[in-house]
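Close look at the chain arrangement
Below are the chains, spelled out letter by letter.
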Amino acid sequence: MLTVVSVSFAQPRAIGGRLGYNLEFSYQHSLGDRMMMDLSAGATNVWNGWAYADVNAMFDWVFNISGGWNWYVGPGAGLGFAFGRWWKDYDYMPFRLNVGAQIGVEYQFGIPLNLSLDWRPMVNVLGFGRGNGYGWYQGFYGVALGVRYRF
């Protein structure tokens, strides 16, 4: 067990943010040569009396293009919570569960800086919606620019 713990802390990590429709704090952790776990938490502005907060976990396979360029793709899930008028809109649930994927490209500079551009489409499988609550949720899951410090 000690070996597993020491190996996991020896793996490359990155911390920073994603900026798109929203602002997210992001933490990436390598799970080996070609896998990465991306954990993020974010918030967005008030829209129509609502504000949103989300946490997401994405598991990406990373492929080297050339030089410092990589592209990545993989599945993930997210949990969200709405703050605002949900108690007035009885057919809205104040939370949601999403599943989806992420695809993107990143550049790792010679210094410990990493820039990325990715797309994260997610499907709302529970919560936030009229009727059955299913459908695409685009607020947190559009195109975003990531800036991270690698350590």
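These remarks concern the structure in this document. Along each chain, the written sequence defines residue order, and numbers are assigned to residues from 1. Only residues with pLDDT of 70 or above have their local features reported here, since the model is predicted, and side-chain atom pairs are shown and tallied only from 80 upward, although totals for entire chains, interfaces and linings are computed over all residues. Hydrogens and water molecules were not included; the side-chain quantities draw on all heavy atoms of the structure.

**Describing the overall build of the chain**
Each helix corresponds to a stretch of at least 4 residues labelled H or I by DSSP, and each strand to a stretch of at least 2 residues labelled E; elements are numbered beginning at the N terminus. Along its length, the chain carries one helix and ten strands. When the helices and strands of the chain are read in sequence order from the N terminus, they spell out α-β-β-β-β-β-β-β-β-β-β. The buried share among the 151 residues of the chain stands at 37%. Whether two residues touch is decided by their heavy atoms; if any such pair falls within 4.5 Å, the residues are in contact. Long-range pairs, those at least 24 residues apart, make up 54% of the contacts in the chain between residues at least 6 apart in sequence. Only the protein chains shown count as cover for residues, and the accessible areas themselves come from Shrake-Rupley with a 1.4 Å probe. Accessible surface, the chain: about 8600 Å² in total, of which carbon and sulfur atoms supply 71%. Remark: exposure states derive from per-residue accessible area (1.4 Å probe, protein chains only) relative to the maximum for the residue type, with buried under 20%, exposed over 50%, and partly exposed in between.

**Comments concerning the pattern of salt bridges**
Here a salt bridge means any side-chain nitrogen of Lys or Arg lying within 4 Å of a carboxyl oxygen belonging to Asp or Glu. Under the defined criterion, the tally for this structure stands at six salt bridges. The shortest N-O distance in the salt bridge between D38 and R148 comes to 3.8 Å. Here the residue D38 occupies a position in strand β3 (residues 35-47), and R148 occupies one in strand β10 (residues 143-150), the gap between them amounting to 110 residues. Across the pair, exposure class does not vary: D38 and R148 are buried alike. As a salt-bridge pair, D54 and R96 come within 2.4 Å of each other at their nearest N and O atoms. Of this pair, D54 sits in strand β4 (residues 50-66) while R96 sits in strand β6 (residues 95-108); the two residues are 42 residues apart in sequence, bridging distant segments of the chain.

**As for the environment of P121**
Counting through the fold element by element, P121 comes out in the loop between β7 (113-119) and β8 (122-127). Each C-alpha atom, one on P121 and one on P75, is 10.0 Å from the other, the two residues being 46 residues apart in sequence.

**Focus: the pairing of β10**
Strands qualify as paired when DSSP identifies two bridges or more between them. As paired elements, strand β1 (residues 13-19) and β10 share six bridges and run antiparallel to each other. The residue bridging I15 from the neighbouring strand is Y149, located in β10. In this sheet, β10 lies alongside β7 in antiparallel orientation, the contact comprising seven bridges. Counted as the bridge partner of S116 is G146 from β10.

**Brief notes about a nonpolar patch on the surface**
Like-charged residues are merged into a patch within 9 Å and nonpolar side chains (Val, Leu, Ile, Met, Phe, Trp, Tyr) within 5 Å, provided each residue has over 30% relative accessible area and no salt bridge. Judged by side-chain polarity, I65, W69, W71, I103, F109, I111, L115, L117, W119, V143, L145 and V147 come together as a nonpolar surface patch covering roughly 1100 Å² of accessible area. Mapped by element, the contributors of at least two residues to the nonpolar patch are β5 (69-84), β7 and β10. Relative to the helices and strands, I111 resides in the loop between β6 and β7. Since its relative accessible area comes to 54%, I111 is described here as exposed.

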